[in-house]
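Listed below are the residues making up each chain.
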Amino acid sequence: KRVRTTGWFANQLYRNAMITKELVIRFKRSDDDRREIIHRTMFNMKEVTKDHIQKLMSLFREIDKLLKKHKKTHSDKLT
């Protein structure tokens, strides 16, 4: 099976008109920030700010809401 990444999931939601392009861009920026922090500093937590964490948590909450909504409306497709 194919691994579903956040970017892939966001693109699928956008293609199915479930989220806006703005939200896809926010996902991409957050993912880019995460990668930059990991690659540039590895385990240097001084680079991670409260703002980074709040943005990431906000995006996770939005994804969680979308998943819960999808589960309610498409419970027949769950395996």
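Residues numbered from 1 in each chain as written. Predicted model: local features only at pLDDT ≥ 70, side-chain atom pairs only at ≥ 80, totals over all residues. Heavy atoms only, no water.

(A) A look at the overall build of the protein. Summing up its helical and strand segments, the protein has three helices and zero strands in all. Going through the 79 residues of the protein one by one, you find that 16% of them count as buried. Surface exposure of the protein reaches about 7,000 Å², of which carbon and sulfur atoms provide 56%. (Helix = DSSP H or I, 4+ residues; strand = E, 2+ residues; numbered from the N terminus. Buried < 20%, exposed > 50% of the residue type's maximum accessible area, 1.4 Å probe, protein only. Areas by Shrake-Rupley, 256 points an atom, 1.4 Å probe, with all protein chains shown as cover.)

(B) Structural detail: the side chain of Ser30. Tracing the backbone through its elements, the reader meets Ser30 in helix α2 (residues 21–41). Not counting the four nearest positions on each side in its chain, Ser30 is found in contact with Leu56 and Leu59. (Contact = heavy atoms within 4.5 Å.)

(C) Quick look at the pattern of salt bridges. Counted under the stated rule, the structure contains four salt bridges. Across the salt bridge formed by Arg26 and Glu62, the nearest N and O atoms sit 3.1 Å from each other. In this pair, Arg26 is assigned in helix α2 and Glu62 in helix α3 (residues 50–73), connecting sequence segments 36 residues apart. A salt bridge links Lys55 to Asp51, with the nearest nitrogen and oxygen atoms 3.6 Å apart. A residue pair is termed a helical-turn pair when its members lie 3 or 4 positions apart in one helix, as Lys55 and Asp51 do in helix α3 at four residues. (Salt bridge = Lys/Arg side-chain N within 4 Å of Asp/Glu carboxyl O.)

(D) Highlighting the packing of aromatic side chains. Per the counting criterion, the structure on display carries zero aromatic pairs. Across the ring face of Tyr14, the terminal group of Lys21 is positioned such that the distance to the ring centre comes to 5.0 Å. (Phe/Tyr/Trp six-rings, centres within 6.5 Å; stacked < 30°, edge-to-face > 60°. Lys NZ or Arg CZ within 6 Å of the ring centre and 35° of its normal.)

(E) Region of interest: unusual backbone geometry. Not every positive phi belongs to a glycine, and Ala17 is a case in point at roughly 60°. With respect to the element layout, Ala17 can be found in the loop between α1 (6–15) and α2.

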